[in-house]
Amino acid sequence: MEKVRLSVGEVRELAEAVLARHGLSPDHVKAVAETVIAGERDECASHGVYRLLVCVHTIQAGKVALDAEPAIIDLAPSLVRADARGGFAQLAFNRAKPLLVEKARRTGIAALAVNNCVHFAALWPEVEEVTREGLVALAFTPSHAWVAPAGGTRPLLGTNPIAFGWPRPGSNPFVFDFATSAVARGEIELHRREGRPIPEGWGVDAEGNATTDAEAAMAGAMLTFGGHKGSALSLMVELIAGPLIGDMTSTESLAADAGAKASPLGGELILAIDPKGFLGALAADHLERAERLFEAMAAQGARLPSQRRYEARARSLAEGVCVPAKLIQDINALLD
Ligand code: NDP
Ligand code: PYC
């Protein structure tokens, strides 16, 4: 496949130009572009510049408020709500993060509900930001009902990612972030675009038969990772980032989409925990003990989630990113 090399600065220029050209307000342009740039820079192709196509489709379908000003509501000593008012989730998170961090430091634990947002993105940028404040972080969001529960064959659950971050003294935080489906839907979409078969176990066709055809799996149902375990975690995400915060399930999001094939609508739950809450002055000692665990993993040759990401980040910042030429062509066409 032919690839084009772009510097991270060129990716920023392209992302901002495309989003502004399609009417997104300047604050949203910055917030959305940063997420897309971070995905491409860290070589997470399913949530990199490919998402510009998804964002523009969502804008053209009339499914996102282009200049929504998020409302930040101080609900309780440990609770913040960010009403995104129909806008993309990133600006609502950015505006609410300082209060989330302040509350976590004051009370030991705090939760942020982002409501009424359009969600097209990976969760790790938000988790990483909170973790860089010295806090432990978790994030969850439902999506559209594309995934069959274990034992079923029809879409009911979303791809429902779970992200976790742990602060590490003197180094990048430990972060993982993955869909509770076998893979993000964006990854299947990239296989479809490039005409590549998908591995077995990612999806079934509309008749419930195993398939390696990306288009057939998208028309049928995706599968959870780890059978009943991924299915239960996915259901948990539906509950705690849906009804618990007064927002949509993946089934409701898909119904609200009404066939537009735009990004999911609904909420996101982000938790922040201050290690000093339980540990006070001993927090540093106990964080140091956690380092022994990371070292023991590395000693076995097992790689830590986020290790690849930080290596990719350093490489991209030094050498630029490599993007399929056809994808860049399709993104450039959005500037016409
Ligand atoms: P993967 O299956 O690639 O899993 C990604 C995570 O697993 C990363 O933390 C990665 O670390 C880690 N990882 C991967 N391989 C290994 C390995 N061999 N050893 C150790 N760790 C490993 O990603 P998904 O397709 O499940 O999800 C991709 C993205 O899609 C996520 O960022 C998610 O937030 C996003 N998404 C968003 C949705 C939404 O509704 N907004 C819905 C579904 C997904 P590393 O980064 O270092 O490789
Ligand atoms: O890749 O499954 C996905 C996804 C859904 C919303 C954003 N990404």
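Since the structure is predicted, the reported quantities are computational estimates derived from the model, not experimental observations. By convention here, each chain's residues receive numbers from 1 onward along its written sequence. Here every chain gets a letter starting at A, and every ligand a number starting at 1, in the order they are written. A pLDDT threshold of at least 70 governs which residues receive local features in this predicted model, and a stricter bar of 80 or more applies before side-chain atom pairs are shown or counted, although totals over entire chains, interfaces and linings include all residues. Values shown for side chains rest on all heavy atoms present in the structure; no hydrogens or waters enter the calculation.

**Some remarks on the nonpolar core**
Then, number 1: Among the buried residues, those of types Ala, Val, Leu, Ile, Met, Phe, Trp, Tyr and Cys that are joined through side-chain atoms within 4.5 Å form a nonpolar core. Relative accessibility decides the category of a residue: with a 1.4 Å probe and only protein chains considered, values under 20% of the type maximum give buried, values over 50% give exposed, and everything between is partly exposed. Counting 34 residues, the largest nonpolar core has Leu19, Val32, Val49, Phe88 and Ile331 as the members making the most contacts within it.
Then, number 2: Helix and strand definitions here come from DSSP, where helices need a minimum of 4 consecutive H or I residues and strands a minimum of 2 consecutive E residues; each element is numbered from the N-terminal end. With 7 residues, helix α3 (residues 50-60) is the single largest residue contributor to this core.
Then, number 3: Domain delimitation follows an automatic or database domain assignment. For this core, the two domains that each supply at least three residues are domain 1 (3-60 + 306-333) and domain 2 (70-175 + 227-305).
Then, number 4: Between two residues, a contact is recorded if the distance between any of their heavy atoms is within 4.5 Å. Ignoring sequence-local partners within four residues, the contact set of Phe88 consists of Leu24, His28, Val32, Cys55, Thr58, Ile59, Val64, Val118 and Phe120.

**Brief notes about the site of ligand 1**
Then, number 1: Throughout, near means a residue has at least one heavy atom within 4 Å of the molecule or strand. Ligand 1 sits among 23 residues. The nearest are Ala121, Asp177, Ala179, Ser306 and Arg308.
Then, number 2: Separating a nitrogen atom of ligand 1 from a side-chain N or O atom of His119 is a distance of 3.3 Å.
Then, number 3: Alone, ligand 1 offers 930 Å² of accessible surface; in the complex the protein occludes 75% of this. Under this definition, polar contacts are N or O atom pairs within 3.5 Å; protein pairs additionally need one hydrogen-donor-capable and one acceptor-capable atom, and for neighbouring residues in sequence, both atoms have to be side-chain atoms. Shrake-Rupley sampling with a 1.4 Å probe provides the accessible areas, and residues are treated as covered by the protein chains on show and by no other component.

**Describing helix α4 (residues 89-107)**
Then, number 1: Look at α4: 25 Å from first C-alpha to last across 19 residues, which is about the 27 Å you get at 1.5 Å a residue.
Then, number 2: Each residue is assigned a bend, namely the angle between axes fitted to the seven residues that terminate at it and the seven residues that start at it. Maximal helix bending in α4 amounts to about 40°, located at Ala96; proline Pro98 follows within four positions.
Then, number 3: The set of residues buried in α4 consists of Ala89, Gln90, Leu91, Ala92, Phe93, Ala96, Lys97, Leu99, Leu100, Val101, Lys103 and Ala104.
Then, number 4: Buried residues in α4 make contact with α2 (26-41), β2 (71-76), β3 (79-83), β4 (109-118), α5 (124-131) and β10 (265-273). One less than the residue count of a helix, multiplied by 1.5 Å, gives the span that helix is expected to have.

Function cannot be inferred from these measures alone, as they are strictly geometric.
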